[in-house]
Amino acid sequence: MAEYIRAKDVHREFRRALKPWTTAEKFTRSAGEPMAWTRPLNEAQRLAFSFETDLYSRPPLGGSIHGYVSVSTAPTPPSRDTLHRSRMFTTCLLQEEISELEWIQSSINLRRPITELAKEWLDTSGDGFVQSYFQAVADPYLAGMSVTITYFSAEDVAELLAFILRVFPPVLARFVDDRCPPAIARFPQTSPPV
């Protein structure tokens with residue numbers, strides 16, 4: 001059975017995988033953030049991106065990852081006062097890209113091991129939330145949609161990282177040029193806000 005990967009190990013894998021690209025693109029790690037990077041965009045603005053794991057991950061179900069991109073108008077990491085604009089990573093994916101992410105998420109869900117505690121939760125939960133972690137994505141992901149990306153094992157994280165490494169450079173360019181699809185403010189049933 002696959003073993004649950006802890007958030008600190010996810011952080012380490014993201015930093016390791018992203019390091020060659022962030023170094024080549026002259027991003028520096030943001031102080032105090034496990035998976036955040038920033039660089040000057042121009043004389044007046046900074047470009048930043050980050051990935052976050054869920055603080056309240058559920059080892060029987062797995063954890064989740066959210067990605068963000070932002071432009072701020074100050075030489076420091078973005079804050080509420082300096083933020084010019086921001087988007088969630090998945091809202092910048094084109095339809096072809098988000099459909100691939102949907103396929104990856106379905107694969108992860110279908111191979112997620114049903115631990116004893118997860119089985120208890122499945123037996124007592126009637127709302128579909130717990131069941132959604134073990135089923136293919138029910139509602140199609142659409143371009144501009146904010147989705148929660150979930151994982152359980154190191155294999156899941158590696159598959160997600162391969163996808164992110166491939167699509168992130170064009171996603172970031174799309175964001176900088178303000179060419180992301182219009183945002184859709186809804187969460188698919190199988191990827192609820194965690």
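Structural data are supplied above this passage.
Because the structure is predicted, anything quoted here is derived from the model rather than measured.

Calculation notes
Residues numbered from 1 in each chain as written. Predicted model: local features only at pLDDT ≥ 70, side-chain atom pairs only at ≥ 80, totals over all residues. Heavy atoms only, no water. Phe/Tyr/Trp six-rings, centres within 6.5 Å; stacked < 30°, edge-to-face > 60°. Helix = DSSP H or I, 4+ residues; strand = E, 2+ residues; numbered from the N terminus. Buried < 20%, exposed > 50% of the residue type's maximum accessible area, 1.4 Å probe, protein only. Salt bridge = Lys/Arg side-chain N within 4 Å of Asp/Glu carboxyl O. Expected span 1.5 Å × (residues − 1). Bend = angle between axes of the 7 residues up to and from the residue. Pairing = 2+ DSSP bridges.

S.K.: I keep staring at the packing of aromatic side chains and nothing clicks. Help me out?
M.R.: Each aromatic ring pair is described using two quantities: the centre-to-centre distance and the angle formed by the ring planes. In total, this model carries 12 aromatic pairs according to the counting rule given. Centroid distance Trp21 to Phe168: 5.7 Å. Interplanar angle 85°. Geometry classified as edge-to-face. Of the two residues, Trp21 sits in helix H1 (residues 7–24) while Phe168 sits in helix H5 (residues 154–176), which places them 147 residues apart along the sequence. For the pair formed by Trp21 and Phe168, the shared burial category is buried. Here the aromatic rings of Phe51 and Phe168 are separated by 5.7 Å at their centres, their planes lie at 55°, and the arrangement is tilted.

S.K.: Would you explain the pattern of salt bridges in this entry?
M.R.: Close approach of charged atoms lets side chains of opposite charge pair. On inspection of all chains with the given rule, the structure shows 11 salt bridges. When the shortest N-O distance is used, the salt bridge between Arg16 and Glu13 registers 2.9 Å. Of this pair, Arg16 and Glu13 both sit in helix H1, 3 residues apart, which is roughly one turn of that helix. A relative accessible area of 52% places Arg16 in the exposed class. A relative accessible area of 23% places Glu13 in the partly exposed class. One salt-bridge network, held together by shared partners, links Arg111, Glu155, Asp156 and Glu159.

S.K.: Help me understand unusual backbone geometry, please; the structure alone is not making it clear to me.
M.R.: Comment: phi is negative for the bulk of residues other than glycine, and the bulk of peptide bonds are trans. In this structure, Lys26 takes a positive phi of about 65° despite not being glycine. With respect to the secondary-structure elements, Lys26 resides in the loop between H1 and strand S1 (28–29). In this structure, Asp178 takes a positive phi of about 60° despite not being glycine. Following the sequence through the fold, Asp178 ends up in the segment after H5.

S.K.: Can you walk me through H5 in this structure?
M.R.: Within an α-helix, residues lying three or four positions from one another point in the same direction, as the helix has 3.6 residues per turn. Compared with the 33 Å implied by 1.5 Å per residue over 23 residues, the 31 Å span of H5 between its first and last C-alpha is a close match. At Val167, H5 shows its strongest bend, of approximately 45°, with the proline Pro169 following within four residues. Listed as buried for H5 are Asp156, Val157, Leu160, Leu161, Phe163, Ile164, Val167, Phe168, Val171, Leu172, Arg174 and Phe175. Looking one or two residues beyond H5, the residue adopting positive phi is Asp178, at roughly 60°.

S.K.: Help me understand the pairing of strand S3 (residues 46–53) in this model?
M.R.: Two faces, one strand: in a regular strand the side chains alternate between the faces of the sheet. Counting buried positions along S3 yields 7 of 8 residues, so the element is predominantly enclosed. Strand direction decides the pairing type here: strand S2 (residues 36–40) and S3, joined by 5 bridges, are antiparallel. For Thr38, the partnering residue across the bridge sits in S3 and is Ala48. If you look at the hairpin formed by S2 and S3, you'll find 5 residues sitting between the two strands.

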